[in-house]
Amino acid sequence: MFQSRAASRRALFTRSARRTKEGILSELTKALAERALTTEMEEHLGEERAAEAPEGQNQGPNRRNGSSRKTVTTDSGKVVLDIPRDRNGTFDPLLIAKYQRRFPEFDRKIVSMYARGMTTREIQGHIEEIYGFEASPSLVSAITEAVMEEVTAWQNRPLEPCYPVVFMDAIRVNIRSDGTVSNKAVFVALAILPDGTRDVLGLWFQANEGAKFWAKVLNDLRNRGVQDILIAVVDGLKGFPQAIEAAFPQAQVQTCIVHLLRHSMSFASYKDRKAVATALKAVYTAVDAEAAEAALAEFEDSDLAAQYPAIAPSWRRAWNEVVPFLDYPPAVRRLIYTTNAIEALNSKIRRAVRTRGHFPSDEAAAKLIYLALNATSVEWKRSVREWHAVKSQLAIMFEDRFPLA
């Protein structure tokens with residue numbers, strides 16, 4: 001019983017301390033905001049006094065005219081502000097506009113929660129729990145919907161004339177269309193810039209992947225200013241190499257070796273996977289294309305290839321996209337033999353969309369993915385490791401096509 005009373009007193013003290021802290025934050029926010037509004041009013045009146053009165057008018061100088069109360073939403077809850085007014089009604093404060101009911105920082109927090117995959121209802125509950133007031137789902141939607149203009153501008157922005165390396169991959173999301181939910185591909189292009197930093201070039205949605213879709217994506221890149229891609233790294237998507245060659249005839253297409261290995265391992269039993277991996281390693285670590293061809297031929301003649309007849313043909317079918325990276329030194333090979341760079345980015349996107357059963361539209365999915373990309377931009381924008389060595393090799397291999405940083 002004594003412990004129960006002690007626990008109750010601690011809980012009461014904690015609640016009291018929290019209320020005191022919230023009260024202090026609210027008072028501080030109110031004081032700072034009203035001081036800023038007063039300064040804005042003084043500057044506004046000073047500017048109007050400095051301006052000459054219109055010819056033929058004897059209107060007296062503008063001056064203060066009391067204040068009006070407005071309840072605004074802040075990070076510490078709701079605060080009642082005394083907004084100064086002027087006699088002519090020309091004062092429109094920058095800190096909190098006439099019809100604005102929320103501080104910008106509050107909107108940014110809602111957008112940040114949305115970017116981390118929280119649903120509208122979850123954000124609503126979180127705000128009510130933390131700030132003690134109810135934010136309607138329509139309010140949350142309106143705040144996040146404002147991001148769409150930014151998404152549209154980002155999707156249509158001009159791009160660089162040439163990219164040394166572009167990784168291309170697709171993920172799947174569920175999107176409602178015409179009353180039914182369909183599984184759509186979201187195509188992502190991650191480029192390495194001449195200075196070694198990375199940039200996502202855009203997002204494209206399509207129900208079915210295929211040559212026509214890839215051609216549409218690549219033509220969009222051309223229309224936005226891309227004239228050349230030195231190396232395009234893909235994961236064996238059907239029809240993609242042909243689409244790249246049609247849009248960028250000089251581009252070198254490199255298939256993801258890691259994807260090809262995973263595909264090969266799917267045919268082998270668990271006990272033989274190590275032996276298969278060792279045999280195939282001799283192919284993709286060969287000194288040059290001729291040695292790789294000999295290693296693959298040796299594998300084709302082995303008992304392992306006879307036991308798993310689907311593996312060797314899968315390498316033969318992709319051979320033209322397997323061998324390009326064998327012309328490069330180890331630093332470049334490590335960069336282009338796998339699409340891990342974009343897969344790491346896609347895993348962050350999947351983490352954000354995982355909480356959603358489906359999206360009501362392509363735009364809703366694009367909005368969340370864009371925000372998720374922004375939230376993790378520090379990670380995927382950083383410079384590529386060993387870029388100076390890679391850049392030197394690419395400059396030699398591609399000569400005048402390589403855009404020097």
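Please read all numbers here as calculations on a predicted model, not as lab measurements.

A. View of the pairing of strand 5 (residues 198-206). Taking burial as the measure, the 9 residues of strand 5 include 8 buried ones, the bulk of the element. Pairing of strand 4 (residues 180-192) with strand 5 involves 8 bridges; the strand directions are antiparallel. Residue pairing in the sheet places Ala189 in a bridge with Gly202 of strand 5.

B. Geometry of the pattern of salt bridges. If you walk through the whole model with that rule in mind, you get 10 salt bridges. A salt bridge links Arg64 to Glu42; its shortest N-O distance comes to 3.8 Å. In this pair, Arg64 sits in strand 1 (residues 64-74) while Glu42 sits in helix 1 (residues 2-50), placing the two residues 22 residues apart along the sequence. Notably, a salt bridge pairs Asp220 with Arg224, separated by 3.6 Å at the nearest N-O pair. Overall, Asp220 belongs to the partly exposed group, its relative accessible area being 23%. Connected via shared salt-bridge partners are Glu293, Glu300 and Arg316.

C. The packing of aromatic side chains, seen in detail. This model, assessed by the stated rule, comprises 7 aromatic pairs. Plain terms: the ring middles of Phe187 and Trp204 are 5.6 Å apart, the flat faces sit at 55° to each other, and that makes the pair tilted. Pair noted here: Phe187 is in strand 4 and Trp204 is in strand 5, with a separation of 17 residues, a long-range link. When sorted by exposure, Phe187 lands in the same class as Trp204, which is buried. A centroid spacing of 4.9 Å and a plane angle of 45° characterise the contact between Phe213 and Trp214, whose relative ring orientation is tilted. In this pair, the class of Phe213 matches that of Trp214, namely buried.

Analysis parameters
- Residues numbered from 1 in each chain as written.
- Predicted model: local features only at pLDDT ≥ 70, side-chain atom pairs only at ≥ 80, totals over all residues.
- Heavy atoms only, no water.
- Buried < 20%, exposed > 50% of the residue type's maximum accessible area, 1.4 Å probe, protein only.
- Helix = DSSP H or I, 4+ residues; strand = E, 2+ residues; numbered from the N terminus.
- Pairing = 2+ DSSP bridges.
- Salt bridge = Lys/Arg side-chain N within 4 Å of Asp/Glu carboxyl O.
- Phe/Tyr/Trp six-rings, centres within 6.5 Å; stacked < 30°, edge-to-face > 60°.

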